[in-house]
Structure formats: C-alpha cells, structure tokens
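# Examining the three-dimensional arrangement
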Amino acid sequence: IQLCKEKEILHDEVYCQVIKQVTHNPKQESLMRGWLLLNLLTGYFLPSNTLMPYATKFLQQASSDPSSTHHDIAKICQSNLRKNVMYGGRRHLPFPAEMEALLKGRGARRLVILMPGGVEYLTRIKTFTVSKELLQEICEQMGAGEQEEIREFALFATRSIANNPGKPMRREEYLHDYLLEDNSITMRLRRVTWNTPLHFENSIYTDFHYGQILWDYMNGRILLGYSKELEMQVSILAMLQHWAKTTEQQSTVPSREELQEYTPKLLRARISPQALESHVVQLLRARQPLPPMDAKIQFIEHVMELPLFGYNIYLVKRISDETIPLPCFFGVNKEQIVVLDSCLFVLAQICRVIPLKELQKMRTLRPASEGGLPGMELNYGSAASPKTLWIELPQAKEVYHTIVVILSQTEFQH
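About the cut-offs
Residues numbered from 1 in each chain as written. Predicted model: local features only at pLDDT ≥ 70, side-chain atom pairs only at ≥ 80, totals over all residues. Heavy atoms only, no water. Pairing = 2+ DSSP bridges. Helix = DSSP H or I, 4+ residues; strand = E, 2+ residues; numbered from the N terminus. Salt bridge = Lys/Arg side-chain N within 4 Å of Asp/Glu carboxyl O. Buried < 20%, exposed > 50% of the residue type's maximum accessible area, 1.4 Å probe, protein only. Domains from an automatic or database assignment. UniProt positions renumbered as here; feature names shortened; annotations may be inferred. Axes fitted to C-alpha atoms, helices over the stretch in contact; angles between N-to-C directions. Parallel < 35°, antiparallel > 145°, perpendicular 65-115°, else oblique. Left-handed = near helix turned anticlockwise from the far one by under 90°. Contact = heavy atoms within 4.5 Å. Nonpolar A, V, L, I, M, F, W, Y, C, P; charged D, E, K, R; others polar.

As paired elements, strand E1 (residues 108-114) and strand E2 (residues 120-126) share seven bridges and run antiparallel to each other. Across the sheet, residue leucine 114 finds its bridge partner in E2, namely glutamate 120. Hairpin connection from E1 to E2: five residues lie between these consecutive antiparallel strands, with glycine 117 at a positive phi of about 85°. The pairing of E1 with strand E5 (residues 186-191) spans two bridges and is parallel. Residue pairing for E5: leucine 114 is matched across the bridge by arginine 188.

Next comes the structure, spelled out in structure tokens:
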C-alpha cells in the first residue's frame, strides 16, 4: 500500500499480483490475506483505464457466487472501487492499530457523533465510509430522509471538545482520513444551511434543531448588538427556554439566576435583570404554558424570524478594510457573505455584502507574525472590477471550509 502511494506506475502491477494470489489459491491463510489486501487496494488506488474493466469483471464474478468463502469481501471490494471512482479514495494510509484490526478481519469501528444539546449518536463505520453515508444514516433517524435536506447538514471534525465546531467535512470525504490514532478527534453534526422548511413530527429532529439554535443564540451568533426593543424578544425567548426544560417548570416563575442563564452572554451586561424579570412575569400572566416540545418548536420559530438567522457568524480581530471598526463580525449563509460592526450599544449594522455568486477564489493565510492569527483572503467581483478582502481570526480554516461546504450545496459551484 505504501509502495502504491509512492509510485502510481505500480498500481496495475500490484493489482495483478493480488488478483493472482486470490485466484485458485489452495492455501486459505494466503487467500484470506490476499483478499484483505485487495480490500485496502480498491479503497485507496484505482487501476489504470486499461486494467479497470478486467478488475471490475473479476470482482463481479467473485461476488456473484453466494456459496464462496470470499463472496462477502468481494462485494466490499466492489463497493470500495465504486466509491474510489466517485470520491477519489482515502488520502491517508491506515494507522498501525487500524491495520492490525483489518488483518484480524475487523473492518468496522464504533464512532460517537456529538449532536447539539449534548446528545450522543453511536454508530459503526467501516474502513471506507464517507461523510455522505453517515449523514444519510443520521438524518433518516431524525426523520429527514429527503436528499435536499440531508445536503444542509455537515459533520465537523475538531481536536477538542471546545465550543468551536471545527472543520466541516465535505460529503465525499472519508471519515477515517480525519480520525487520528489517539482518538483526539471529536465528530459533531451541525446544520449549515436552511433552504428546506423545518418539520417537527420527529422528537429527535426537534431536539437537534433546538439544541443547535439555542447554542448559537446563547453564544452571540444570532443576536448581535443591543436595542430597547430587543429586551422583549429576549424575554419571550427566556420564557420559552424555561418551559422547554420540564413540565414541572411551567407553573413556576424563573429566578434571576435562571433568567441570566436564558440570556445571550453578550447581552447579560446590557439588559437589566429587573427589567427582564418584569417582562417575563407579565408574559407568564398573559399566556398559557406550553409543553416542553411545543415550547422548543416556538423557540425555534421565533429565532428563525430574527434578521441574522441562517448565517454562520464569526468574530473577526483584523480586516483589510480600515473603515470597518474592530472587532467586527463575519457571516456567511446560502447566498452571501456579510461583514457587520460589533458595537454592543446598537444593533449590528451590515458594513459589507459579498454575494457568493461573485466570489472568484479564496485562500487561507498563515499568521503574518509569530503569535499572530491565521487569516483568509477573498477575491470577488468581476474581471473588470476585481476586489479583495482579507480577515484575521482564530477560526480562519473553519470559515474557509464552511464556505466550501456551502458552495458545494448551492448552484454557485467553483
């Protein structure tokens, strides 16, 4: 496998040697090792266009006899080869532990996917499982089986269980190319775009969207800035969060400590606890309490009406446009990129809009100095009027790859 990675010219030779080893071989151990090697080979490297028809026919014949001892692994090799043609094969060679498991015939491993709201989804993935397959599996469990909606989700790989989701994976990428041997990579699921209407007939689906939208709301990714009118919005959302906890919460008035917990972190210093408590008490007197699931649905629907819902928002530390005050916010949704000011005393104002269809190219930038922040450069506009914007922020790579994933989900293909 290492040899094939280093020298593409040897792919056909290795394929022929392995196929020879698994053809009419009376030695069972040698036969099985040959099939295990072919299993890896088909998932990593393609034979030449000349050899491909012969390799394909060999695997078809080998998998067509159900009574054969190698029927199942031949079918796996067929699947690997088909994925290799579609997605390009795995990039990284197996770690020693994975290779040892494969040689013992263990081609699957357990994987925990972290869902919004602290829910864990336990699954088993194979050596050549791609992101698209796992997204399909999880979304179907949530009652979101339509391809159009499945495309709106992405798996994020991160090195720690920090607040940042990490790098989003493209649908055609292999999961094992991200999973390190020391288990330091955590996989999370997030919704990235919001084209298809939400539907709440499935409780897992509702909990997922409530968990993600609540986290974004509390961590300053939806409500930016402050206005007096905003206090009533925050009060309504605090009441819905209180009802969403448990049925027992419905008849109680939230304490000031709880109201603090229900308020976005960036607004806690701006909104008076007394004013918030007064608003919530008035709301509770005027409204019938809702069951937790209905409260979650109303919370989601209420937040979806806010101006910045649907954007993936990041705090930027430096930007090439000196007219924009720092720090500022950078947001991207299914249609455009926006830059907003970050004044906490008024609602955030949009300073720059870049339609995704005008985006020509982009690249990540290394820190300009030791201890500096990574960045990202965007080239957009027309050939007659080209424009450039660069930003610096800790999550530069996450922003870059999020835009890549969104572009792959829309008609703005690059």
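This model, assessed by the stated rule, comprises 18 salt bridges. Between glutamate 133 and lysine 83 there is a salt bridge whose closest N-O contact spans 2.9 Å. Linking glutamate 133 in helix H7 (residues 131-141) with lysine 83 in helix H5 (residues 71-87), this pair joins segments that are 50 residues apart in sequence. Here lysine 83 falls in the buried class, since its relative accessible area comes to 11%.

By domain assignment, the protein separates into domain 1 (1-89), domain 2 (91-218), domain 3 (225-305) and domain 4 (312-411). Between the C-alpha centres of domain 1 and domain 4 the distance comes to 45 Å.

Moving on, we get to the UniProt feature "domain: MyTH4" (unreviewed entry) in the protein. UniProt's entry tags residues 1-103 with the feature "domain: MyTH4" (unreviewed entry), counted in the numbering of this structure. Spanning residues 1-103, this segment combines 68% helix with 0% strand, and its end C-alpha atoms are found 14 Å apart.

This part takes up the packing of helix H9 (residues 203-218) against helix H13 (residues 292-304). For the pair H9 and H13, the least separation of the axes is 9 Å and the interaxial angle reads 50°. As far as their axial angle goes, H13 and H9 are oblique. Our pair here, H9 against H13, has a crossing hand that is left-handed. Along the contact surface, H9 presents Ser203, Thr206, Asp207, His209, Tyr210, Ile213, Leu214 and Tyr217, while H13 presents Met293, Lys296, Ile297, Phe299, Ile300 and Val303. The residue makeup of the contact of H9 with H13, split by class, is nine nonpolar, three polar and two charged.

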